Amino acid sequence: MRQHRLVKRITRSRALCSIAAVVVVAFGAALSSSDAQGRVDPLAQQQAGTQLSPDTLGIATGGGTVKVTAVPVDIVASFGINGKRPPGFVQNGTGTALGRINYDKHAQVAGRHVNVPVTFMQVELSTNPSPNGMGGKAQLIGDCTQAGTECPSQPPGIQSVLVYVEDNSDTGANDVFRISFCTDAPSASPATCGVAEGGAIRTGQIQIRASSSGGSPAVPTHASAPRLLP
Amino acid sequence: MKRILSALLATVVVLSIAVVFPRQGNQAEAVVGDSIVTGAAAGVFPAGASFNSIELAGGTFGLGAQISSTGAANGTIEAQFTGTSLIGLSQWITINGWITSGTSNPDGSVTLNGTSTLDMGDGTPPTGGLALVVNAGPTGITITVGGTTLPTLPKSDGWVINE
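Worth saying up front: this structure is predicted, and the values here are computed from it rather than measured.

Enquirer: Would you take a moment to explain the overall build of chain A for this structure?
Expert: If you tally the helices and strands in chain A, you get 2 helices and 9 strands. Of the regular secondary structure in chain A, the N- to C-terminal order runs α-α-β-β-β-β-β-β-β-β-β. Here the analysis covers contacts within chain A between residues at least 6 apart in sequence; of these, 60% occur between residues at least 24 apart. Per element, the accessible surface of chain A, about 11,000 Å² overall, is 56% carbon and sulfur.

Have a look at this one:
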């Protein structure tokens, strides 16, 4: 009789262990590899950083013109920027990013072209985004040391490009683009950069959003292009 | 009998969990998108190019857009074309566009679609809400605003990178 009870107890505990094992295996099968490795799903997590951060998820795009102060006359420069987090981005403070910085001064001056890949980025999402879900600031860092890039040769030793942008409106009004050139190696926070060019954009727009799903459900349909003077 | 019931129970548990917590590993890939196009460039129109009776001389543009594998896209484009009016006055035409969809073409160019604002630069108020189609590539840019295609601006300076 006692032996029969013992057998019953062993059988019951085996059944419980089997069920527990099945549950564990089922969770493992259902969990994606990215989740299992602690990677970040930008769609699932759209936090609003309150300051520029190398860990904040975000996307920066923009195109337009900016005025560059020069002697004897100011110069107009066009810019195009893209920045986003790479696949499997890990929030470990390094701020890795993908994208590109293009900058073209429309004058016959030295170092008027910039064409560099973005390798680091810091993002700050607006705590009061526009109806289109956009707004904020970003700092894109481009790598001048990679093959095929174009950066100014003066002053000597330029290794990285720092672009700072602000998205302050859906129409581009009060958006900001500034670019400076740094002699330290690319990183999320370059320290030895020269005086920045640019400022409030002349035409165009900067867009900063949490993810690519933060689309444009209500693109501006009102007049937005400012009056231009040659 | 107990073994059969246990097997059935295990199967039900596995299926239930798989349904409740579906695999979502593809979401990050969708966010990354397939390509990005970036440009800042300038060019000179060929002789005879015109738009809305403005004889076009040259232009500049800045572009930043990210295209996902679904065809959805985000970004902006700004283009300024300079020209001369019928009475000989210098005129600057400005196009600001929001990109909402796009595709990468086999020749390395991209086709972007969205909504734009057109400022003719003649003192009249800018017109918003115009359908926008942009074809941009290493050789230049062609913009269609509100169904009217502007002459192609060949790129003679700067960069347009599709990657």
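Enquirer: Which parts of the structure should I look at to understand a nonpolar patch on the surface?
Expert: Together, L86, I87 and L89 of chain B give the surface a local cluster of nonpolar side chains, amounting to about 390 Å² of exposed area. Looking at the secondary structure, you find L89 of chain B in the loop between β4 (72–84) and β5 (90–104).

Enquirer: Please explain the packing of aromatic side chains as it appears in this structure.
Expert: Think of a pair of aromatic rings as described by two things: how far the centres are apart, and how the planes are tilted against each other in angle. All names here are of chain A. Enumeration over the complete set of coordinates arrives at 3 aromatic pairs over all chains. An angle of 10° between the planes, with centres 4.2 Å apart, marks the rings of F79 and F177 as stacked. Here the residue F79 occupies a position in strand β2 (residues 75–84), and F177 occupies one in strand β7 (residues 176–182), the gap between them amounting to 98 residues. With a centroid separation of 5.8 Å and 25° between ring planes, the pair formed by Y103 and F177 is classed as stacked. One end of the pair, Y103, is in strand β3 (residues 98–105); the other, F177, is in strand β7, and 74 residues separate them in sequence. Since its relative accessible area comes to 1%, Y103 is described here as buried. Looking at F177, the relative accessible area reads 0%, which means it is buried. One aromatic cluster is present, built from ring pairs that chain together F79, Y103 and F177.

Enquirer: How should the pairing of β7 of chain A be read in this particular structure?
Expert: As a general feature of sheets, a regular strand has side chains that alternate between the two faces. Residues and elements named next belong to chain A. The buried count for β7 comes to 6 of 7 residues, which makes it a mostly enclosed element. As defined by bridge partners, strand β6 (residues 160–167) adjoins β7 across 7 bridges and the pair is classed as antiparallel. By the bridge assignment, V165 is partnered in β7 with F177.

Enquirer: Is there a simple way to explain unusual backbone geometry in this structure?
Expert: Most of the time, phi is negative for any residue but glycine, and the peptide bond is trans. Omega for the bond connecting V71 of chain A with P72 of chain A falls within 30 degrees of zero, at 10°, which places this linkage in the cis form. With respect to the helices and strands, the residue P72 of chain A is situated in the loop between β1 (59–68) and β2. Residue P155 of chain A is reached from Q154 of chain A by a cis peptide bond, and omega for that bond is -5°. One non-glycine residue with positive phi stands out, namely N174 of chain A, at about 70°. Here N174 of chain A lies in the loop between β6 and β7. Take N174 of chain A: its relative accessible area is 61%, and that puts it in the exposed class. Of note in this structure, N52 of chain B is not a glycine but carries a positive phi near 50°.

Enquirer: Explain the state of the cysteines here, please?
Expert: Two cysteines, two sulfur atoms, one covalent bond between them: this is a disulfide. Residues and elements named next belong to chain A. Across all of its chains, the model carries 2 disulfides over all chains by this definition. The residue that forms a disulfide with C144 is C151, at a sulfur-sulfur distance of 2.0 Å. Its S-S torsion of about -85° marks the bond between C144 and C151 as left-handed, since a negative value means left-handed. Take C144: its relative accessible area is 13%, and that puts it in the buried class. Disulfide partner of C182: C193, at an S-S distance of 2.0 Å. Its S-S torsion of about 95° marks the bond between C182 and C193 as right-handed, since a negative value means left-handed.

Enquirer: I tried to follow the environment of Q66 of chain B on my own but got confused; where do I start?
Expert: By the secondary structure assignment, Q66 of chain B is in strand β3 (residues 54–67). Distance from Q66 of chain B to A136 of chain B, taken between C-alpha atoms, is 13 Å for residues 70 residues apart in sequence. If we skip the residues at most four places from it in the chain, Q66 of chain B touches I59, A60, T61, N82, G83 and K84 of chain A together with S35, I36, A72, A73 and N74 of chain B. A distance of 3.2 Å separates a polar atom in the side chain of Q66 of chain B from the backbone oxygen of G83 of chain A.

Enquirer: Hey, could you run me through the nonpolar core in this one?
Expert: If you look at soluble globular proteins, the nonpolar side chains tend to sit buried side by side. Counting residues in hydrophobic clusters, the biggest one holds 32 residues, and the most contacted among them are F81, L112 and I143 of chain B. Listing elements by their share of this core, those giving two or more residues are β1 (35–44), β3, β4, β5, β6 (110–119), β7 (127–137), β8 (140–145) and β10 (153–162) of chain B. Among the elements that take part in this core, β3 of chain B stands out by supplying 6 residues, more than any other. If sequence neighbours within four positions are ignored, L112 of chain B has contacts with V37, L63, A65, I67, I99, S101, G102, L132, V133 and V134 of chain B. Formed by 30 residues, the second largest nonpolar core is a distinct cluster that contains I101, V114, C144 and V161 of chain A.

Reading the values: the criteria
Residues numbered from 1 in each chain as written. Chains lettered and ligands numbered in written order. Predicted model: local features only at pLDDT ≥ 70, side-chain atom pairs only at ≥ 80, totals over all residues. Heavy atoms only, no water. Helix = DSSP H or I, 4+ residues; strand = E, 2+ residues; numbered from the N terminus. Contact = heavy atoms within 4.5 Å. Areas by Shrake-Rupley, 256 points an atom, 1.4 Å probe, with all protein chains shown as cover. Patch = residues over 30% accessible without salt bridge, like charges linked within 9 Å, V, L, I, M, F, W, Y side chains within 5 Å. Salt bridge = Lys/Arg side-chain N within 4 Å of Asp/Glu carboxyl O. Phe/Tyr/Trp six-rings, centres within 6.5 Å; stacked < 30°, edge-to-face > 60°. Buried < 20%, exposed > 50% of the residue type's maximum accessible area, 1.4 Å probe, protein only. Pairing = 2+ DSSP bridges. Disulfide = S-S within 2.5 Å. Polar contact = N/O pair within 3.5 Å; in protein donor to acceptor, adjacent residues only side chain to side chain. Core = buried A, V, L, I, M, F, W, Y, C linked by side-chain atoms within 4.5 Å.

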